[in-house]
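Descriptive analysis of the structure
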Amino acid sequence: MKKFLIGLVTGILLMPFGFYLYCRSGHAPVATASAPMPLERFFAKTALHATIRREAPKTVPFPATADNLFGGVMVYRQNCAFCHSLPNQRPSPASRGMFPRPPELFSQRGMVTNDPAGVTYWKVKNGIRLTGMPGFSQSLSNLQMWQVSLLLKHANRLPATVAAALNSAPSGSQPAGGSQPPKAKKKA
Ligand code: HEC
């Protein structure tokens with residue numbers, strides 16, 4: 001029994017040391033193009049889901065009117081398209097070099113239309129640590145954060161005018177998603 005306990009304690013003490021050596025070895029995946037670290041995805045997702053389940057608002061304080069969806073379009077084009085791209089365009093230049101990759105929130109695969117708007121709102125407000133997803137509580141108003149969350153909730157059933165505004169040519173400045181023309185079909 002004593003031997004077992006000594007073994008157990010030594011094992012427990014050796015684990016952090018082993019992890020330290022692993023990090024110092026220069027083989028740990030730290031570049032965005034590397035594979036995830038052992039258990040990285042599990043820790044990130046489990047902790048995130050548990051927190052969001054506890055904290056995300058259950059009621060939506062603003063309706064999905066055309067006005068609010070248009071507000072969401074303005075917010076999205078200025079703050080989100082840089083990473084999450086615009087509909088029918090190839091992934092934005094920044095997104096192609098990120099790990100984890102920002103989902104294309106207007107593509108079939110990347111849409112968050114199944115998530116409650118409150119969950120998306122939580123992510124927009126607080127960001128997602130260690131992923132590159134910023135929190136916008138310091139830079140957007142509460143209304144703006146809800147507007148963009150409503151836009152994403154309705155991404156697959158937007159009124160035609162709202163969808164058109166999302167894709168419209170930028171007035172004066174570059175589109176946030178990159179400088180490629182809307183229909184560019186070059187392979188990434
Ligand atoms: C600098 C890059 C960047 C910007 C700018 C950015 N995001 Fe993100 N976002 C990310 C990344 C990376 C992820 C993936 C996080 C992950 O895998 O857990 C993400 C994840 C998300 C998710 C969760 C997607 C899912 O499938 O659960 C939502 C929703 C989201 N972002 C919305 C937004 C909105 C809205 C804006 C603008 C207000 C925005 N993001 C701006 C990088 C960005």
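We now turn to the structure provided with this report.

**Focus: the site of the ligand**
Inspection of the region around the ligand gives 21 residues, with Cys80, Cys83, His84, Lys123 and Met133 positioned closest. Between His84 and the ligand, the recorded distance is 2.7 Å, taken from a side-chain N or O atom to a nitrogen atom. Lys123 places a side-chain nitrogen or oxygen 2.8 Å from an oxygen atom of the ligand. Counting only elements with at least two residues in the shell around the ligand, the list comes to helix H4 (81-84), helix H6 (117-126) and helix H7 (142-153).

**Side note on unusual backbone geometry**
A cis amide bond links Phe99 to the next residue, Pro100, at an omega of -5°. Position of Pro100 among the secondary structure elements: in the loop between helix H5 (93-96) and H6. The residue Ser85 is not glycine, and still its phi comes out positive at about 65°. In the Ramachandran plot, Asn88 falls in the positive-phi region, its phi being about 60° despite a non-glycine side chain.

**Regarding the coordination of the iron atom of the ligand**
Coordination sphere of the iron atom of the ligand, protein contribution only: His84 (NE2) and Met133 (SD), at 2.0 to 2.1 Å. For the iron atom of the ligand, the six donor atoms in the first shell make angles of 87 to 178° at the metal, a pattern classed as octahedral. Placement of His84 in helix H4 and of Met133 in the loop between H6 and H7 is noted, with a sequence separation of 49 residues between them. The same class applies to His84 as to Met133, namely buried.

**Quick look at the packing of aromatic side chains**
Summed over the entire model, instances satisfying the criterion amount to four aromatic pairs. Centroid distance Phe17 to Tyr20: 6.5 Å. Interplanar angle 20°. Geometry classified as stacked. In this pair, Phe17 and Tyr20 both sit in helix H1 (residues 2-24), three residues apart, roughly one turn of the helix. When its relative accessible area of 47% is taken as the criterion, Phe17 is described as partly exposed. A ring pair is formed by Tyr76 and Phe106, whose centres lie 5.0 Å apart and whose planes are at 90°; its orientation type is edge-to-face. Residue Tyr76 is found in helix H3 (residues 66-79), and its partner Phe106 is found in the loop between H5 and H6; the two are separated by 30 residues along the sequence. The same class applies to Tyr76 and to Phe106, which are both buried.

**Quick look at the pattern of salt bridges**
Per the stated rule, a full pass over the model turns up two salt bridges. Residues Arg54 and Glu55 are paired through a salt bridge, measuring 3.5 Å at the closest nitrogen-oxygen approach. The class for Arg54 is exposed, based on a relative accessible area of 63%. When its relative accessible area of 41% is taken as the criterion, Glu55 is described as partly exposed. Here Lys123 ties to Asp115 by a salt bridge, and the two come within 3.8 Å at their closest N and O atoms.

Criteria and cut-off values
- The residue numbers shown here count from 1 along each chain, following its written sequence.
- Thresholds applied to this predicted model are a pLDDT of at least 70 for local features of residues and 80 or more for the giving and counting of side-chain atom pairs; totals over whole chains, interfaces and linings are not thresholded and use all residues.
- Heavy atoms from the whole structure form the basis of all side-chain values; hydrogens and water molecules are not counted.
- Definition of nearness: a residue and a molecule or strand are near each other if at least one heavy atom of the residue lies within 4 Å of the molecule or strand.
- What qualifies as a polar contact is a pair of N or O atoms within 3.5 Å, subject to a donor-acceptor requirement within protein and to the restriction that residues adjacent in sequence count only when both atoms come from side chains.
- What counts as a helix is a DSSP run of H or I of at least four residues, what counts as a strand is a run of E of at least two, and both are numbered from the N terminus.
- Here the term donor refers to an N, O or S atom within 2.8 Å of the metal (or 3.2 Å for Na, K and Ca), and because water is left out of the atoms, sites may appear incomplete.
- Irregular is the default label, applied whenever a site is not tetrahedral (four donors, all angles between 85 and 135 degrees) and neither square planar nor octahedral (four or six donors, opposite donors over 155 degrees apart, all other angles between 65 and 115).
- Relative accessibility decides the category of a residue: with a 1.4 Å probe and only protein chains considered, values under 20% of the type maximum give buried, values over 50% give exposed, and everything between is partly exposed.
- Here a pair means two rings of Phe, Tyr or Trp (six-membered ring of Trp) with centres within 6.5 Å. Their orientation is stacked below 30 degrees between planes, edge-to-face above 60, and tilted elsewhere.
- One speaks of a salt bridge when a side-chain nitrogen belonging to Lys or Arg is within 4 Å of a carboxyl oxygen belonging to Asp or Glu.

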